[in-house]
Amino acid sequence: MNKMYLRFWILVSIVAISGFSQGMLLPLIAVIFEKSGVSPSLNGLNATALYIGILLVSPFMEWPLRKYGYKPVIIFGGALVFLSLALFPLWKTFWFWFVLRLLIGIGDHSLHFATQTWITSFSPPERRGRNISLYGLFFGIGFATGPLMTPLVNVNEALPFIASSILCLIGWGFVFLLKNELPEQEVSINSFLGTIKQFRKALKYGWVAFLPPFSYGFLESSLNGSFPVYALRMDMEVSSVSIVLSAFAIGSIITQLPLGMLSDQYGRRNILMTVLFLGFFSFTAASFMEHSVIGLFVTFLISGMVVGSTFSLGISYMTDLVPKNLLPTGNLLCGIFFSLGSLLGPIIGGLFIKYLQDVSFFYIISTMLLVLSVIIFSFGKKSYLLVEQQNS
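In this report, we go over the structure that sits alongside the text. Just so it is clear, the model here is predicted, and its values are computed rather than measured.

Calculation rules
Residues numbered from 1 in each chain as written. Predicted model: local features only at pLDDT ≥ 70, side-chain atom pairs only at ≥ 80, totals over all residues. Heavy atoms only, no water. Helix = DSSP H or I, 4+ residues; strand = E, 2+ residues; numbered from the N terminus. Rg over C-alpha atoms; globule rule 2.2 N^0.38 Å. Buried < 20%, exposed > 50% of the residue type's maximum accessible area, 1.4 Å probe, protein only. Contact = heavy atoms within 4.5 Å. Areas by Shrake-Rupley, 256 points an atom, 1.4 Å probe, with all protein chains shown as cover. Lys, Arg positive; Asp, Glu negative; His and termini not counted. Charge placed at Lys NZ, Arg CZ, Asp CG, Glu CD. Expected span 1.5 Å × (residues − 1). Arc of directions from axis to C-beta. Patch = residues over 30% accessible without salt bridge, like charges linked within 9 Å, V, L, I, M, F, W, Y side chains within 5 Å. Salt bridge = Lys/Arg side-chain N within 4 Å of Asp/Glu carboxyl O. Phe/Tyr/Trp six-rings, centres within 6.5 Å; stacked < 30°, edge-to-face > 60°. Lys NZ or Arg CZ within 6 Å of the ring centre and 35° of its normal. Core = buried A, V, L, I, M, F, W, Y, C linked by side-chain atoms within 4.5 Å. Axes fitted to C-alpha atoms, helices over the stretch in contact; angles between N-to-C directions. Parallel < 35°, antiparallel > 145°, perpendicular 65-115°, else oblique. Left-handed = near helix turned anticlockwise from the far one by under 90°. Polar contact = N/O pair within 3.5 Å; in protein donor to acceptor, adjacent residues only side chain to side chain. Nonpolar A, V, L, I, M, F, W, Y, C, P; charged D, E, K, R; others polar.

A few points about the overall build of the chain
- Scanning the chain from N- to C-terminus turns up 18 helices and 0 strands.
- Taken against the 2.2 N^0.38 rule, which gives 21 Å for 392 residues, the C-alpha radius of gyration of the chain at 20 Å falls within 12% of a compact globule.
- Within the span of the chain, comprising 392 residues, buried residues form 57% of the whole.
- Taking the intrachain contacts of the chain between residues at least 6 apart in sequence as the baseline, contacts between residues at least 24 apart amount to 86%.
- Of the roughly 17,000 Å² of accessible surface on the chain, a fraction of 70% belongs to carbon and sulfur atoms.
- Of the side-chain charges in the chain, 23 are positive and 16 negative, and the distance between the mean point of each set is 10 Å.

Quick word on helix H8 (residues 159-175)
- Here H8 is 17 residues long and its end C-alpha atoms lie 25 Å apart, about the 24 Å a rise of 1.5 Å per residue gives.
- Along H8, the residues that are buried comprise Pro160, Phe161, Ser164, Ser165, Cys168, Gly171, Trp172 and Val175. Mapping the buried residues of H8 onto a view down its axis gives an arc of 125 degrees, with all of them on the same face.

Describing a nonpolar patch on the surface
- On the surface, a cluster of nonpolar side chains totalling about 940 Å² of accessible area is made up of Phe288, Met289, Leu344, Ile347, Ile348, Leu351, Tyr355, Leu356, Val359 and Tyr363.
- The dominant element in the nonpolar patch, judged by the number of residues it contributes, is helix H16 (residues 327-355), at 5 residues.
- Judged by relative accessible area, Tyr355 falls into the exposed class, the value being 58%.

Notes on the packing of aromatic side chains
- Summed over all chains, the structure comprises 25 aromatic pairs.
- Measuring from centroid to centroid gives 5.5 Å for Phe210 and Phe337, while their planes differ by 25 degrees, and the two rings are stacked. You can see Phe210 sitting in the loop between helix H9 (192-206) and helix H10 (211-225) and its partner Phe337 sitting in helix H16, a full 127 residues away along the chain. Across the pair, exposure class does not vary: Phe210 and Phe337 are buried alike.
- Across the ring face of Phe122, the terminal group of Arg7 is positioned such that the distance to the ring centre comes to 4.1 Å.

Details of the nonpolar core
- Judged by nonpolar contacts, the single largest core of 115 residues is most densely connected at Leu223, Phe227 and Phe300.
- Sort the elements by how many residues they give to this core and helix H1 (residues 2-35) lands first, with 14 residues.

Observations regarding the packing of helix H5 (residues 70-87) against helix H6 (residues 94-122)
- Packing of H5 against H6 brings their axes to within 8 Å, and their N-to-C directions diverge by 155 degrees. By the angle between their axes, H5 is roughly antiparallel relative to H6. The two elements H5 and H6 meet at a crossing, and its hand is left-handed.

A word on the pattern of salt bridges
- Considering all chains together, one arrives at 6 salt bridges under this definition.
- Here Asp320 ties to Arg268 by a salt bridge, and the two come within 2.9 Å at their closest N and O atoms. Note that Asp320 is positioned in helix H15 (residues 310-321) and Arg268 in helix H13 (residues 268-288), a separation of 52 residues in sequence.
- When its relative accessible area of 5% is taken as the criterion, Arg268 is described as buried.
- The structure contains a network of salt bridges with shared partners spanning Arg128, Asp264, Arg268 and Asp320.

Examining the side chain of Ser282
- Relative to the assigned elements, Ser282 resides in helix H13.
- One polar contact links the side chain of Ser282 to the main-chain carbonyl oxygen of Gly279, over a distance of 3.0 Å.
- With residues near it in sequence (within four places) discarded, Ser282 still touches Thr299, Ile302, Ser303 and Val306.

Description of H6
- Spanning 29 residues, H6 covers 42 Å between terminal C-alpha atoms, matching the ideal 42 Å at 1.5 Å per step.
- In terms of burial, H6 is largely enclosed, as 26 of its 29 residues are buried.

Here's the deal with the packing of H15 against H16
- Where H15 contacts H16, the axes come no closer than 10 Å and their chain directions differ by 150 degrees. In terms of axis orientation, H15 runs roughly antiparallel to H16. For H15 against H16, the interelement crossing comes out right-handed. Along the contact surface, H15 presents Phe311, Ile315, Met318 and Thr319, while H16 presents Leu327, Gly330, Asn331, Cys334 and Phe338.
- Residue classes in the contact of H15 with H16 are distributed as 6 nonpolar, 3 polar and no charged.

Things to note about the environment of Arg66
- Residue placement: Arg66 occurs in helix H4 (residues 62-68).
- Look at Arg66 and you get buried, because its relative accessible area is 4%.
- Engagement of the side chain of Arg66 in a polar contact is seen with the backbone oxygen of Asn325, the distance being 2.6 Å.

Here we look at the environment of Gly105
- Its location among the elements puts Gly105 in helix H6.
- In this structure Gly105 comes out as buried when scored by relative accessible area, which is 0%.
- In the structure, Gly105 is positioned 52 residues away from Gly53 in sequence and 4.7 Å away in space, judged by C-alpha atoms.
- Aside from chain neighbours lying at most four places away, what touches Gly105 is Leu50, Gly53 and Ile54.

Focus: the environment of Phe280
- With respect to the helices and strands, the residue Phe280 is situated in helix H13.
- In sequence terms Phe280 and Met368 are 88 residues apart; their C-alpha atoms lie 8.0 Å from each other.
- Apart from the residues lying within four places of it in its own chain, the contact partners of Phe280 are Ser366, Leu369 and Leu370.

Scope: geometric values only; no functional claims are made or implied.
If you want it as structure tokens, here you go:
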């Protein structure tokens, strides 16, 4: 039992360090590029490299995990992240940094895919929500503290990259203490076509559980990417924008663990329906308070408390819906749907701001959350056993 606890805490600590590096890179590179005169559109394009890396590597991740086990995949991902971070100060050009962010996306996805699959596989059903919420909580804390490294750029531009790469290296070293394990091997995947077949099976059983990670990706990227533009056009101060955005992150950290534990007790579907519906109300309320910084801070704090856990709740929900031998595929699809949401968020948000200037930006988010709540209410009851019974 002690070994299981040690493994769990090492895995969530690695995830926290990964969240820290991701949270640091977004504002840090944006600030460096802005000071260097890079246009906002190119700055945004560079930020998408991380998600492009995730999408590119996703179809090829399951085979090495099933063949070599969790530990080698985590070691590969961690090594790619800390080496890429260490290389940033070497050559400051747009495309070199784009490639490095792409590699970090590949490394981070390898690391997250293996850690969350490992945690879901060894967590008993009655503690699964708690364990995955701790996973989400540690990532959230890391992601929220990452931007604190940005002021170091005033001391030396290379300093934040070097410091975070050393931190990643330390976390990576602890992985070697773990004993490797393999996921359940009822299926054999030795080709790209085999992976696609697994995708189709996992989608058949658990498609409804992949929508919360999609919504969280959309939510996070549109709030961080599009809301600042919308707020500045309403003549809000830059400092006020950062305070309002921090409220969402704080809210999600506060309730991550309680919501995970509640999902163990009352069911993942019930908690997801509830938080998505409350999210609809909180973002609708934000549309009426968008000219008040205090009003937005309160509504963003409440929104973070209710929908800030949708990614981790979605992973837990997926483990309830798919057979255990499809857990690696399900975790992979959670990452893919999150990345798709993250890519679409700023694009749709930007178009909304450009062409619907008289309509509140928050309506696009509240409408999406309401639709998702209705979908989960209507289609989220079926487990894979029920699907099999209906098909037989």
